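Understanding the architecture of this molecule
Chain residues, written in single-letter form:
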Amino acid sequence: MNYRRKIIAGNWKMHKTASESKTLVQDILTELKDWNDGDVVLCVPFTSLAIAGSILESQTIVELGAQNLHQAPQGAFTGEISAGMLRDLFVRYVIIGHSERRQYFRETNALINQKIKTAITSTLKPIVCYGETLQEREGNQWRSVLETQIKEGLANFTEAEMETVTLAYEPVWAIGTSKTASPAQAQEAHAFSRSILNQLFGKTVAEKTRIQYGGSVKPDNAQELLQQEDIDGALVGGASLEARSFATLVKKGCQPLS
Ligand code: PGA
């Protein structure tokens, strides 16, 4: 067992209106009453941040996250959202570089690098996503893909800047497909990622940085995945949209295998 505290984040993607979000946040808090065995984050749509923030600001069990930000502090960027706007709504975490943003919105490693920088300087904690496609996995290129994404995404950061960064390894072929990486496959990719962190920043950062696994994590596979040596939590899409299932996943994921 390692000493890193688990971190489980729900990624609601483009689901739930503000009023639906209010109910779901309240239900999750009820299910997780008195929870303190791991960090829990809800990354809700922009339009739900205000209502979720107003519910979450008075408690410490669940923290609020966003799913994206713009790299500039402000300006003529119609339709975009700045780090300052997020901070003002009690947002603490922000997902950056999700594969859906890389694929559908053409986000590159260089842009992701700028967004991470903006998040850190605005005291938002980035959850930085990376992962290979099915083709890259089957062509046995996954190591070089992960290495490039990590090295370019985290280029030019200092050890101190890395302190609030969480990584999320999400093999694209496992997202929303019900195909989970096996615990051994996921562990192998996480250990490899940690070795890249070691190359870039040295042993202390490599050992401290939390790396979540994401891709079809459910209540019944969370425990086995999260008990792997280098897996420090989960980024959860589908299974975070229902309170009981998400709370069960959180509890099982943080429980040692007996
Ligand atoms: P999933 O999504 O749990 O629905 O596979 C994970 C993610 O995209 O973060």
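For the structure itself, look to the data block above.
Here's what I pulled together on the structure shown here. For clarity, every value in this text was computed on a predicted model and none was experimentally measured. (Residues numbered from 1 in each chain as written. Predicted model: local features only at pLDDT ≥ 70, side-chain atom pairs only at ≥ 80, totals over all residues. Heavy atoms only, no water.)

Describing the overall build of the protein chain
Basically, it comes down to this: For the purposes of this entry, the term helix denotes a DSSP run of H or I that reaches at least four residues, the term strand denotes a run of E that reaches at least two, and both are numbered from the N terminus. To get the radius of gyration, use the C-alpha atoms; to get the globule rule, take the number of residues to the power 0.38 and multiply by 2.2 Å. Relative accessibility decides the category of a residue: with a 1.4 Å probe and only protein chains considered, values under 20% of the type maximum give buried, values over 50% give exposed, and everything between is partly exposed. Any two residues whose heavy atoms approach within 4.5 Å are treated as being in contact. The protein chains shown are the only cover counted for residues, whose accessible areas, like all others here, come from Shrake-Rupley with a 1.4 Å probe. By the counting rule applied here, Lys and Arg register as positive and Asp and Glu as negative, while His and the ends of each chain are not counted. Positions of charges follow a simple convention, taking NZ of Lys, CZ of Arg, CG of Asp or CD of Glu.
Within the protein chain one finds 11 helices and 8 strands. The globule rule puts the C-alpha radius of gyration for 258 residues at 18 Å, and the 17 Å found for the protein chain is close to it. In terms of principal-axis extent, the alpha carbons of the protein chain reach across some 50 × 45 × 35 Å. With 258 residues in all, the protein chain has 54% of them scored as buried. Once local pairs closer than 6 in sequence are excluded, the contacts in the protein chain between residues at least 24 apart make up 74%. Carbon and sulfur atoms form 51% of the exposed surface of the protein chain, whose accessible area is close to 11800 Å². Measuring between centres, the 27 positive side-chain charges of the protein chain sit 1 Å from its 29 negative side-chain charges.

Structural notes on the site of the ligand
Put simply, the rule reads: We call a residue near a molecule or strand when any one of its heavy atoms sits within 4 Å of it. Whenever two N or O atoms come within 3.5 Å, that pair is a polar contact, provided that in protein one can donate a hydrogen and the other can accept it, and provided that, for residues adjacent in sequence, both atoms are side-chain atoms.
Neighbouring the ligand are 13 residues; Lys13, His98, Glu170, Gly176 and Ser216 lie closest to it. The separation between an oxygen atom of the ligand and a polar side-chain atom of glutamate 170 is 2.7 Å. With the chains in place, 97% of the 290 Å² that the ligand exposes on its own is no longer accessible.

Regarding the environment of threonine 133
Examined against the element boundaries, threonine 133 turns out to sit in the loop between strand 5 (125-130) and helix 6 (134-138). By relative accessible area, threonine 133 is classed as partly exposed at 30%. Through-space distance from the C-alpha of threonine 133 to that of alanine 110 is 19 Å; in sequence the pair is 23 residues apart.

Comments concerning the pairing of strand 2 (residues 39-43)
Stated formally: Seen with its strands pointing away from the viewer, a crossover is right-handed if its path from the first strand over the helix to the second goes clockwise.
Judged by how many residues are buried, strand 2 sits mostly within the fold: 5 of 5 residues are covered. Burial along strand 2 is two-sided: the face carrying Asp39, Val41 and Cys43 and the face carrying Val40 and Leu42 are both buried. Once the chain exits strand 1 (residues 7-11) it traverses helix 1 (residues 18-31) before rejoining the sheet at strand 2, and the crossover so formed is right-handed. Regarding topology, helix 2 (residues 49-56) serves as the crossover connection from strand 2 to the parallel strand 3 (residues 62-66), and that connection is right-handed.

What to know about the packing of helix 5 (residues 109-121) against helix 7 (residues 142-153)
Each pair of packed helices can be summarised by the angle the axes make with each other and by the distance between the axes. We apply this condition: For every element, the axis is a line fit to its C-alpha atoms; helices are fit only across the contacting stretch, and the angle between N-to-C directions ranges from 0 to 180 degrees. An angle below 35 degrees is treated as roughly parallel, one above 145 as roughly antiparallel, one from 65 to 115 as roughly perpendicular, and anything else as oblique. Less than a right angle of anticlockwise turn of the near helix away from the far helix marks a crossing as left-handed, whereas a clockwise turn marks it as right-handed.
With their axes 8 Å apart at the nearest point, helix 5 and helix 7 run at an angle of 45° to one another. Relative to helix 7, the element helix 5 is oriented oblique. Helix-helix and strand crossings are classified by hand; for helix 5 and helix 7 the assignment is right-handed. Where helix 5 approaches helix 7, its residues Asn109, Asn113 and Ile116 are matched on the opposing element by Thr148, Gln149, Glu152 and Gly153.

As for the nonpolar core
The line we're drawing: Within this scheme, the nonpolar core is defined by two criteria: the residues are buried Ala, Val, Leu, Ile, Met, Phe, Trp, Tyr or Cys, and they are joined through side-chain atoms within 4.5 Å.
In this structure, Leu32, Leu154, Leu197 and Tyr213 are the most contacted members of the largest nonpolar core, which totals 68 residues. Broken down by element, this core gets its largest block of residues, 6 residues, from helix 8 (residues 183-201). Residue contacts for tyrosine 213: discarding those within four places in its chain leaves Tyr169, Pro171, Ala174, Thr180, Ala181, Ala186, His190, Leu225, Ile231, Gly233, Ala234 and Leu235. Tyr93, Ile95, Ala168 and Leu235 belong to the second-largest nonpolar core, a separate cluster that totals 10 residues.

Brief notes about the environment of lysine 22
Secondary-structure assignment places lysine 22 in helix 1. Given the relative accessible area of 38%, lysine 22 is considered partly exposed. Along the primary structure lysine 22 and alanine 50 are separated by 28 residues, whereas in three dimensions their C-alpha atoms are 9.8 Å apart. Discounting residues that sit within four places of it in the chain, lysine 22 has contacts with Ile51 and Ile55.

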